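# Topology and contacts: notes
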Amino acid sequence: MTDYQAIYRQTLKKWGTEAQYDQAIEECAELIAALKHFKRDKVGEAEIISELADVTLMIGQLSWMFGQEKVDAVVKEKLEKLKGLLEAP
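Here goes a summary of the coordinates provided. (Residues numbered from 1 in each chain as written. Predicted model: local features only at pLDDT ≥ 70, side-chain atom pairs only at ≥ 80, totals over all residues. Heavy atoms only, no water.)

## Structural notes on the layout of surface pockets
Here the largest pocket defines a volume of roughly 160 Å³. Surrounding the largest pocket, Tyr4, Ile7, Tyr8, Thr11, Gln20, Gln23, Glu27, Asp54, Leu57, Met58 and Gln61 form its lining. Listed by contribution, the elements that provide at least two residues to the lining of the largest pocket are helix H1 (3–15), helix H2 (17–39) and helix H3 (45–66). Of the residues contributing to the lining of the largest pocket, the split by class is 5 nonpolar, 4 polar and 2 charged. (1 Å grid on protein atoms, 1.4 Å probe; cavity = no way out; pocket = protein on both sides within 12 Å on 5 of 7 lines; lining within 4 Å. Points joined across faces, edges and corners; volume = space filled by probe spheres on them. Helix = DSSP H or I, 4+ residues; strand = E, 2+ residues; numbered from the N terminus. Nonpolar A, V, L, I, M, F, W, Y, C, P; charged D, E, K, R; others polar.)

## Quick notes on the packing of H1 against H2
At a minimum axis separation of 7 Å, H1 and H2 run at an interaxial angle of 110°. Here H1 is positioned roughly perpendicular relative to H2, judged by the angle of their axes. Taken together, the residues of H2 that come into contact with H1 (itself represented by Thr11, Leu12 and Trp15) are Thr17, Ala19 and Gln20. By residue class, the composition of the contact of H1 with H2 is 3 nonpolar, 3 polar and no charged. (Axes fitted to C-alpha atoms, helices over the stretch in contact; angles between N-to-C directions. Parallel < 35°, antiparallel > 145°, perpendicular 65-115°, else oblique. Contact = heavy atoms within 4.5 Å.)

## Structural notes on the packing of aromatic side chains
To describe a pair of aromatic rings, one takes the distance between the centres and the angle between the planes. Applying the stated criterion across every chain yields a total of 3 aromatic pairs. Consider the rings of Tyr21 and Phe66, whose centres lie 6.2 Å apart with planes at 25°: the pair is stacked. Separated by 45 residues along the polypeptide, Tyr21 in helix H2 and Phe66 in helix H3 bring together distant segments of the chain. A relative accessible area of 29% places Tyr21 in the partly exposed class. Linked through ring pairs, Tyr4, Tyr8 and Trp64 together constitute an aromatic cluster. (Phe/Tyr/Trp six-rings, centres within 6.5 Å; stacked < 30°, edge-to-face > 60°. Buried < 20%, exposed > 50% of the residue type's maximum accessible area, 1.4 Å probe, protein only.)

## Quick notes on the environment of Ala24
Structurally, the position occupied by Ala24 is in helix H2. Sequence-wise, Ala24 and Ile49 are 25 residues apart; in three dimensions their C-alpha atoms are separated by 16 Å. Ignoring sequence-local partners within four residues, the contact set of Ala24 consists of Met58 and Leu62.

Function cannot be read off these values alone, since they describe shape.
Here is the structure:
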């Protein structure tokens, strides 16, 4: 088990699955809001990076919860689809 996995396990034990779903939603919403503000020059790059870090942590936890192998397989499929779209005229 990696350090991240140990933290994810402890997080679920302390706050539960539903709270982590809600936290993921909140972090994504904060990133969305920060990006909207960034487009209008109301926040800087550091704010975006901070929100990206929060979302990245939640994605890591959700991927661990649902199964990293499953997520990786679908990411691979979607990257292949994207590659096809980029190669199309």
